[in-house]
Amino acid sequence: MKKGWLCLFAALGLWCGAWAQEPGNGPEETAVSTPEVRRNVRRFEAEMAWGATFGYARLADQSNMRMGFCAGTEYRYNLRRTPLDVGLHFFGSFYWREPRASCTARFYNSSRMMGVVDYNLVVARRVECFFGAGLGTVFVGPTADMPVGAAAEWSSRFGAMPRVGVECWSHLRLTLGYVWTERANNHLMMTIGVVFGGGRR
């Protein structure tokens, strides 16, 4: 399943790049530098994103990590004269694990508030790659040391989130990220987001 999602993201990125480089648009539109694009971009943007999550930390007493779902919003400010943007990230994720001693899957859920920063690089007309990271607080339910059958209680933990992705036409954003926090709640996420605002003026 994970390989399938990775192949899908790679195919979408290649398709976006091929579309952006199609002939007939003139060299003045295709050969644009990153600083030039960033000078003409709108300052504020908001993103709504949805995607899949995969619990990625192995636990001694649990196996069969099942795919889950994530969704959230992000608000960003595009800095002038630099290829950086900064923002606030609000997301929730969930997935399941099966204890080895039981047939009942355990539901793992978490939500997070993070400050994020991305470095953007123009690779083709209307296509930018980005890589960045987030730091902040993650609110988790079940944890690795919680006994099977015990009721989960919410607790806050430190979290970090490295990520990479591609943005097409300034309004479609594909992101691959890894949320690092309490070990039972570490997970990989792959999202597709719609961006409002941003884009060229």
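Here the residue index of a chain counts from 1 through its sequence in written order. Under the rules for a predicted model, residues below a pLDDT of 70 receive no local features and side-chain atom pairs below 80 are neither given nor counted, while totals for whole chains, interfaces and linings still include all residues. Side-chain figures throughout are based on the complete set of non-hydrogen atoms in the structure, without hydrogens or water.

Enquirer: Teacher, can you tell me more about the overall build of the chain here?
Expert: Secondary structure assignment for the chain yields three helices and eight strands. Type-normalised accessible area, obtained with a 1.4 Å probe on protein chains alone, sets the label of each residue: buried when under 20%, exposed when over 50%, and partly exposed for intermediate values. Within the span of the chain, comprising 201 residues, buried residues form 46% of the whole. Whether two residues are in contact is decided by their heavy atoms: any pair within 4.5 Å suffices. For the chain, contacts bridging at least 24 residues in sequence account for 64% of all contacts bridging at least 6. Using the Shrake-Rupley algorithm and a 1.4 Å probe, accessible areas are obtained, with residue cover drawn only from the displayed protein chains. Of the roughly 10400 Å² of accessible surface on the chain, a fraction of 64% belongs to carbon and sulfur atoms. The helix count covers DSSP runs of H or I at least four residues long, the strand count covers runs of E at least two residues long, and both are numbered beginning at the N terminus.

Enquirer: Just to check I follow, could you spell out the packing of aromatic side chains for this structure?
Expert: Geometry of an aromatic ring pair is reported as the spacing of the ring centres plus the angle between the planes. In this scheme Phe, Tyr and Trp rings, the latter by its six-membered ring, pair at centre separations within 6.5 Å, and the angle between planes marks the pair as stacked below 30 degrees, edge-to-face above 60, and tilted otherwise. One pass over the structure, following the stated rule, counts six aromatic pairs. On the basis of an interplanar angle of 50° and a centroid distance of 6.2 Å, the ring pair of Phe69 and Phe94 is categorised as tilted. Remark: Phe94 occurs in strand 3 (residues 84–99) and Phe69 occurs in strand 2 (residues 62–78); sequence separation between them is 25 residues. Exposure remark for Phe69: the relative accessible area of 37% places this residue in the partly exposed category. On the basis of relative accessibility, which here comes to 26%, the residue Phe94 falls in the partly exposed class. Ring centres of Tyr75 and Phe90 lie 6.3 Å apart, and the angle between their planes is 65°; this geometry places the pair in the edge-to-face category. Taken together, the residues span a long stretch of sequence, with Tyr75 in strand 2 and Phe90 in strand 3 at a distance of 15 residues. We call a charge positioned above a ring when the Lys NZ or Arg CZ atom is no farther than 6 Å from the ring centre and deviates by at most 35 degrees from the ring normal. For the cation-ring pair, Arg173 lies above Phe130, with the distance from its terminal atom to the ring centre recorded as 3.7 Å.

Enquirer: Would you mind going over the pattern of salt bridges with me for this structure?
Expert: Side chains carrying opposite charge are able to pair once their charged atoms draw close together. One speaks of a salt bridge when a side-chain nitrogen belonging to Lys or Arg is within 4 Å of a carboxyl oxygen belonging to Asp or Glu. In this structure the tally under the stated criterion is eight salt bridges. The partner of Asp118 in a salt bridge is Arg173, and the shortest N-O contact between them spans 2.8 Å. Residue Asp118 is found in strand 4 (residues 106–124), and its partner Arg173 is found in strand 7 (residues 172–179); the two are separated by 55 residues along the sequence. For the pair shown, Asp118 and Arg173 are each scored as buried. Among the charged side chains, a salt-bridge network with shared partners connects Glu45, Glu47, Glu74, Arg76, Asp118, Arg163, Glu167 and Arg173.

Read these as geometric descriptors, not functional statements.
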